[in-house]
Amino acid sequence: MPELPEVEFAAHRLREAVVGHTIALVTVFHASQRRSLPAAAQRALAGERVVSVERRAKIQLVQLGSGAVLEVHFRMNGDWDIGTAADEPRRHERVRIETTGGGRVSLMDSRALSVVTLHLVGTFVPPDLGPEPLEDGFTAEVLREALQRRNGPIKPVLLNQKVVAGIGNIYASEALWESRIHPVSPASSLSRARVARLRDAIQLVLTDSRPGRYYAPRPTDETAGADEAESWRVYDREGEPCPRCGGRITRLVQAGRSTFCCTRCQRR
């Protein structure tokens, strides 16, 4: 599932492809996307100039010249494919945006769960989200204040977008491993020192792109599983040795999601 780094990377690519360009045509290929982007919205987008592309948590916000906003949420596995308007439709292409200069950006999504919504001028309400974890305002004290109000296990709490924006299942597991915190530890019980370690770990796993570490753009062919496995320290490594202490990595289920941790070096 795309999380903050993947969505930021996608927003960067979209920004380079469409900012400053005018939309010529929008085509929706799948019924699920037509529910959020009906024919009237597709027609309204034609002639709009793209002013900017912003990211908030896992959401991309395309600011248009009229003041309208195009909101894009990838959900489970959406991504952008960039090419020319002359390109033939591709498998899993759900929404195509063509520009007057002959460019094309297509929303690709094998599960067709992505959501694209046009908010007309004055109708967009910013989502109620927590701080962006890579901005200066995300301090250990801000994180501690949010955690003190929540008694649930720390892992599901980190997935609450009102606590911190953009963290998903993978990076929550990795940040807890980096900070040596067990995922079932009550959020409100964490000391200042542990919260400070957690804050630093969140920023590390969201920004570290060195080979063999965390984020790397995902392969799209059948070798993706093997290649992606090298990017994570604990995620999806059930039964393997912990790269830090040699203990065995365990899989837990929390709030219906898989959590991976080392029960030897991640303390409750």
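Every chain begins its residue count from 1, and numbering advances along the sequence as written. Where local features are concerned, this predicted model is filtered to residues with pLDDT of at least 70; where side-chain atom pairs are given and counted, the filter is 80 or more; whole-chain, interface and lining totals use all residues. Just so you know, side-chain values use all the structure's heavy atoms and leave hydrogens and water out.

Caption draft 1: Spotlight on the overall build of the protein. Where helices and strands are cited, they refer to DSSP runs of H or I of at least four residues and of E of at least two residues respectively, numbered from the N terminus. When helices and strands are counted, the protein shows eight helices and 10 strands. With the radius of gyration taken over C-alpha atoms, the globule rule is written as 2.2 Å times the number of residues to the power 0.38. For the protein, the C-alpha radius of gyration of 20 Å lies close to 18 Å, the compact-globule estimate for 268 residues. Dimensions of the protein along its principal axes, counting C-alpha atoms only, are 55 × 40 × 30 Å. When accessible area is computed with a 1.4 Å probe and restricted to protein chains, residues below 20% of their type maximum are described as buried, those above 50% as exposed, and intermediate ones as partly exposed. For the protein, with 268 residues in total, the buried portion stands at 46%. Any two residues whose heavy atoms approach within 4.5 Å at even a single point are treated as in contact. Of the contacts made within the protein by residues no fewer than 6 positions apart, 62% connect residues no fewer than 24 positions apart. Accessible area of the protein: about 12600 Å², with a carbon and sulfur share of 50%. The averaged location of the 32 negative side-chain charges in the protein is 7 Å from the averaged location of its 38 positive side-chain charges. Residue-level accessible areas treat just the shown protein chains as cover; the underlying method is Shrake-Rupley with a 1.4 Å probe. His is not counted, nor are the chain ends; Lys and Arg add positive charge and Asp and Glu add negative charge. In this description, the location of a charge corresponds to atom NZ of lysine, CZ of arginine, CG of aspartate or CD of glutamate.

Caption draft 2: The arrangement of the side chain of Q254 in detail. Tracing the sequence through the fold places Q254 in strand 9 (residues 249-254). Here P183 takes part through its backbone oxygen, which lies 3.2 Å from a polar atom of the side chain of Q254. Here a polar contact is taken to be a pair of N or O atoms separated by no more than 3.5 Å, where protein atoms must pair a possible hydrogen donor with a possible acceptor and residues adjacent in sequence count only if both atoms sit in side chains.

Caption draft 3: Empty space enclosed by the protein, seen in detail. A 1.4 Å probe that fits into a set of points on a 1 Å grid over the protein atoms alone but cannot get out defines a cavity; an open set with protein on both sides within 12 Å along at least five of seven lines defines a pocket, and lining residues are those with an atom within 4 Å of a point. Grid points are joined across faces, edges and corners, and a volume is the space filled by probe spheres set on the points. Evaluation of the coordinates by the stated rule reveals one cavity of 30 Å³ or more. One number sums up the size of the largest cavity: a volume of about 60 Å³. In terms of lining residues, the largest cavity is bounded by L14, V18, I23, V50, V62, L64, L70, I97 and V105. Among the secondary structure elements, those contributing two or more residues to the lining of the largest cavity are helix 1 (4-18) and strand 3 (59-64). Here the nonpolar group is Ala, Val, Leu, Ile, Met, Phe, Trp, Tyr, Cys and Pro; Asp, Glu, Lys and Arg are the charged ones; every other residue, Gly included, is treated as polar. Within the lining of the largest cavity, the residues separate by chemical class into nine nonpolar, no polar and no charged.

Caption draft 4: Just the sheet that holds strand 1 (residues 23-28), in detail. Strands sit in the order 1-6-7-5 across an open sheet of four strands; the sheet is antiparallel. Either end of the sheet is taken by a strand with one partner, and the two such strands are strand 1 and strand 5 (79-84). Direction aside, the axes of adjacent strands within the sheet are offset by 20 degrees on average. We call two strands paired when DSSP finds no fewer than two bridges between them. Pairing of strand 5 with strand 7 (residues 103-108), which is carried by six bridges, proceeds in the antiparallel orientation. By the bridge assignment for strand 7, W80 is matched with L107. Strands strand 5 and strand 7 of the sheet are contacted by helix 1, whose axis makes an angle of about 25 degrees with strand 5. Axis definition: a line fitted to C-alpha atoms, limited for helices to the stretch in contact. Angles are taken between N-to-C directions and run from 0 to 180 degrees.

Caption draft 5: Region of the structure containing a nonpolar patch on the surface. Every patch collects residues that have over 30% relative accessible area and no salt bridge, joining them within 9 Å if they carry like charges and within 5 Å if they are nonpolar side chains (Val, Leu, Ile, Met, Phe, Trp, Tyr). Each salt bridge in this description consists of a side-chain nitrogen of Lys or Arg and a carboxyl oxygen of Asp or Glu lying within 4 Å of one another. A grouping of M1, M76 and L113 is seen on the molecular surface, where their side chains present a nonpolar patch of about 230 Å² in accessible area. Mapped onto the elements of the fold, M76 is located in the loop between strand 4 (69-73) and strand 5. Here M76 falls in the partly exposed class, since its relative accessible area comes to 33%.

Caption draft 6: Spotlight on the side chain of E48. Following the sequence through the fold, E48 ends up in the loop between helix 3 (39-45) and strand 2 (50-56). Although buried, E48 forms no salt bridge, and the nearest oppositely charged side chain, R49, lies 9.2 Å from it. Polar contacts involving the side chain of E48 include one to the side chain of S66, which spans 2.5 Å. Once residues within four sequence positions are removed from consideration, E48 is found in contact with H21, T22, I23, L64, G65, S66 and A68.

Caption draft 7: Spotlight on the pattern of salt bridges. For the structure on display, the rule yields 14 salt bridges. The partner of E145 in a salt bridge is R149, with the nearest N and O atoms 3.8 Å apart. With its nearest N and O atoms 3.0 Å apart, the salt bridge here joins E240 to R237. The buried category is assigned to R237, whose relative accessible area is 16%. In the salt-bridge network here, residues are joined through shared partners; they are E8, R55, R56 and E132.

Caption draft 8: Layout of the environment of L61. For L61, the location among the structural elements is in strand 3. For the pair L61 and H73, spaced 12 residues apart in sequence, the C-alpha to C-alpha distance is 9.0 Å. Sequence-distant contacts of L61, that is, excluding residues within four places in its chain, are made with S52, V53, E54, R56, V69, L70, E71 and F124.

Caption draft 9: Inspection of unusual backbone geometry at higher detail. A positive phi is found at R75, a non-glycine position, where the angle reads about 60 degrees. When you line up the elements, R75 lands in the loop between strand 4 and strand 5. With a phi close to 70 degrees, H92 is a non-glycine residue in the positive phi region. In this structure, H92 sits in the loop between strand 5 and strand 6 (93-99).

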